[in-house]
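Here is what each chain is made of, one letter per residue.
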Amino acid sequence: MKIILTGDRPTGKLHLGHFVGSLRERVRLQNSGEFDEIYIMIADAQALTDHADNPSG
């Protein structure tokens, strides 16, 4: 079984760099039929760690 886990960090509005650097390749992998499962997550570690002691700050 072949599985992919990949993620992006949310950095504002989508732009051409997102398409060229990430989204186009993910669509290609998804459509390739090579993988049994593909998981894509939105990973924002900074949001989880900045102001952890005071989340409203």
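This report concerns the structure included in the present document. (Residues numbered from 1 in each chain as written. Predicted model: local features only at pLDDT ≥ 70, side-chain atom pairs only at ≥ 80, totals over all residues. Heavy atoms only, no water.)

Describing the overall build of the chain
(1) Moving on: Broken down by element type, the chain carries two helices and two strands.
(2) Moving on: Its helices and strands in sequence order give the chain the pattern β-α-β-α, from N to C terminus.
(3) Moving on: Here the chain holds 57 residues, and the buried ones make up 9% of them.
(4) Moving on: Put simply, 72% of the contacts in the chain that link residues at least 6 apart link residues at least 24 apart.
(5) Moving on: Split by element, the accessible area of the chain, about 4,800 Å² in all, is 57% carbon and sulfur. (Helix = DSSP H or I, 4+ residues; strand = E, 2+ residues; numbered from the N terminus. Buried < 20%, exposed > 50% of the residue type's maximum accessible area, 1.4 Å probe, protein only. Contact = heavy atoms within 4.5 Å. Areas by Shrake-Rupley, 256 points an atom, 1.4 Å probe, with all protein chains shown as cover.)

As for the side chain of S22
(1) Moving on: Here S22 lies in helix α1 (residues 16-32).
(2) Moving on: Overall, the relative accessible area of 12% leaves S22 in the buried class.
(3) Moving on: Here R26 takes part through its side chain, which lies 2.9 Å from a polar atom of the side chain of S22.
(4) Moving on: Ignoring anything within four residues of it in the chain, the contact list for S22 reads D8 and G17. (Polar contact = N/O pair within 3.5 Å; in protein donor to acceptor, adjacent residues only side chain to side chain.)

Overview of α1
(1) Moving on: The end-to-end C-alpha distance of α1, which contains 17 residues, comes to 23 Å, matching closely the 24 Å that a straight helix rising 1.5 Å per residue would cover.
(2) Moving on: In the structure, α1 departs most strongly from a straight axis at L23, where the bend amounts to approximately 40°.
(3) Moving on: Listed as buried for α1 are H18, S22, R26 and L29.
(4) Moving on: Where α1 is buried, its residues meet β1 (3-8) and β2 (37-42). (Expected span 1.5 Å × (residues − 1). Bend = angle between axes of the 7 residues up to and from the residue.)

Let's talk about the pattern of salt bridges
(1) Moving on: Inspection of every chain in the model, using the stated rule, returns two salt bridges.
(2) Moving on: Two residues, E34 and K2, come together in a salt bridge whose shortest N-O distance is 3.6 Å. Placement of the pair is E34 in the loop between α1 and β2 and K2 in the segment before β1, with a sequence separation of 32 residues.
(3) Moving on: Judged by its relative accessible area of 42%, E34 is partly exposed.
(4) Moving on: The exposure class of K2 is partly exposed, given its relative accessible area of 41%.
(5) Moving on: Linking E25 and R28 is a salt bridge whose minimum nitrogen-to-oxygen distance equals 2.8 Å. Here the residue E25 and the residue R28 both occupy positions in helix α1, the gap between them amounting to three residues, near one helical turn. (Salt bridge = Lys/Arg side-chain N within 4 Å of Asp/Glu carboxyl O.)

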